[in-house]
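Spelled out from the first residue to the last, the chains are:
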Amino acid sequence: KANTVAKTLGGKKYFGSATDNPELTDTAYVATLSDNTLFGQITPGNSMKWDATEPSRGVFTFAGGDAVAALAKKNGQLLRGHNCVWYNQLASWVTAGNFNATTLTSILQTHCGTVVSHYAGQMYSWDVVNEPFNDDGTVRSFVFSDALGLTSYVTTALVAARAADPAAKLYINDYNIDSAGAKATAMLNLVKSLKTAGTPIDGVGIQGHLIVGEVPSKAALIANYQAFTALGIEIAITELDIRMTLPETPALLAQQQTDYNTVISACKAVVGCVGVTIWDYTDKYSWIPGVFTGQGAALPWDDNLVRKPAYDGIIAGF
Ligand code: XIL
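Residues numbered from 1 in each chain as written. Predicted model: local features only at pLDDT ≥ 70, side-chain atom pairs only at ≥ 80, totals over all residues. Heavy atoms only, no water.

1. Focus on the confidence of the model for the chain
Stage number 1. Predicted confidence across the chain gives a mean pLDDT of 96, with 97% of residues reaching 70 or more.
Stage number 2. Taken as a whole, residues 1–9 scores under 50 in pLDDT and shows 31 contacts with residues more than four places along the chain or in a different chain.
Stage number 3. Both confidence scores are given for the complex: pTM 0.97, ipTM 0.99. (pLDDT = per-residue confidence, 0-100. Contact = heavy atoms within 4.5 Å.)

2. Brief notes about the site of the ligand
Stage number 1. Neighbouring the ligand are the residues N46, K49, H82, W86, Q89, N130, E131, Q207, H209, E239, W279 and W287.
Stage number 2. Between the ligand and the protein, one listed contact pairs an oxygen atom with a side-chain N or O atom of H82 at 2.7 Å.
Stage number 3. A distance of 3.1 Å separates a nitrogen atom of the ligand from a polar side-chain atom of E131.
Stage number 4. Here the ligand has 420 Å² of accessible area as a free molecule, and 77% of this is covered by the chains.
Stage number 5. A per-class count over the shell around the ligand returns three nonpolar, six polar and three charged. (Near = heavy atom within 4 Å. Polar contact = N/O pair within 3.5 Å; in protein donor to acceptor, adjacent residues only side chain to side chain. Areas by Shrake-Rupley, 256 points an atom, 1.4 Å probe, with all protein chains shown as cover. Nonpolar A, V, L, I, M, F, W, Y, C, P; charged D, E, K, R; others polar.)

3. Regarding the packing of aromatic side chains
Stage number 1. Per the counting criterion, the structure on display carries 18 aromatic pairs.
Stage number 2. Measuring from centroid to centroid gives 5.9 Å for W86 and Y87, while their planes differ by 75°, and the two rings are edge-to-face.
Stage number 3. Taken together, the aromatic side chains of F15, Y29, F39, Y281, Y285, W301, Y311 and F318 make up a single cluster linked through ring pairs.
Stage number 4. For R243, the ring lying beneath its charged end belongs to F292, and the centroid distance is 3.8 Å. (Phe/Tyr/Trp six-rings, centres within 6.5 Å; stacked < 30°, edge-to-face > 60°. Lys NZ or Arg CZ within 6 Å of the ring centre and 35° of its normal.)

4. Examining helix α4 (residues 63–75)
Stage number 1. Taking 1.5 Å per residue as the helical rise, α4 with its 13 residues ought to reach 18 Å, and the 18 Å between its terminal C-alpha atoms agrees with that figure.
Stage number 2. Those residues of α4 that sit buried are G65, V68, A69, L71, A72 and N75. On an axial view of α4, the arc spanned by its buried residues comes to 155°, and they lie on one face. For α4, the exposed residues set more than 90 degrees away from the buried face come down to A63, K73 and K74.
Stage number 3. Those residues of α4 hidden inside the fold are in contact with β1 (14–19), α2 (27–33), β2 (41–44) and β3 (78–85). (Helix = DSSP H or I, 4+ residues; strand = E, 2+ residues; numbered from the N terminus. Expected span 1.5 Å × (residues − 1). Buried < 20%, exposed > 50% of the residue type's maximum accessible area, 1.4 Å probe, protein only. Arc of directions from axis to C-beta.)

5. Quick word on the state of the cysteines
Here is the idea: a disulfide is a covalent bond, and it sits between the sulfur atoms of two cysteines.
Stage number 1. All chains considered together, the criterion is met by one disulfide.
Stage number 2. With its sulfur 2.1 Å from that of its partner, C267 forms a disulfide with C273. Handedness here is read from the sign of the S-S torsion; for C267 and C273, about -100°, the answer is left-handed.
Stage number 3. Among the residues examined, C267 registers a relative accessible area of 1% and is labelled buried.
Stage number 4. Judged by relative accessible area, C273 falls into the buried class, the value being 0%.
Stage number 5. Sulfur of C84: no disulfide; nearest cysteine sulfur belongs to C112 and is 3.5 Å away. (Disulfide = S-S within 2.5 Å.)

This is the structure:
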């Protein structure tokens, strides 16, 4: 589907951007986001997360997510759903103290089933499970992994999502799995075990929150991407941004151009890498400065929506 619908930069793979509801009032921003010769795909940055979609048990709110879905439809862009279950931005009512394991399973089934079903037929793919691992490859501790265990909670979410929208590609998504290492190995092993068990899994999302000058080599990226696709799944780069320690300098911007080119061309080189999404397109709305103190300028358009050298790196990479 991605390869036929998203006739964007590469002709075969989509290029896309995250966006977020507050920014949709910025008309200059929306104009570029809506250029589907450039962006063939969009992802809601926040409005389909658990805290936004089920803020109280059984009370579902889809207004924010629906606005992003409507924009994708209007623009003729693919849509990625993000996400069903994550330790972060989880509604505060979902706690181990309040519910036993059986009830937590049911809560997870209902959440993923209801949210995925709401958008059934509209999604290219869903990040069903977000960030299940710590950087050392151990299972990230939170209410569902603690109460149910990794395999059980991941399986519950994937099975519910498949039943709710059989056409959507179901992904597990994480960061620091760009090249070989403990965390990538943990993800590979999880996918293998799901495949063996016959659990629905179609893809791994490699977030790609990277640092200028510290991006793995193209060869290392390709080898790792191929280790995933060799399992019979697709991959996508789902949240690419490449940050720097501020201030921007011409040298850093040039290195960033090279680094974007490296990631895009690595995806291009791997048949099963279906597309690349940047985690918003402009530094004006990047999440990086708010989370990584002193860092930023991570995206290919600057604060004034002007293209940076990174943009040329992307175009050359596709
Ligand atoms: C970020 C959003 O961009 C921010 O607006 C929000 O405050 C925090 O979350 N990994 C993910 C994304 O999977 O959901 C995160 O998005 C960035 C890291």
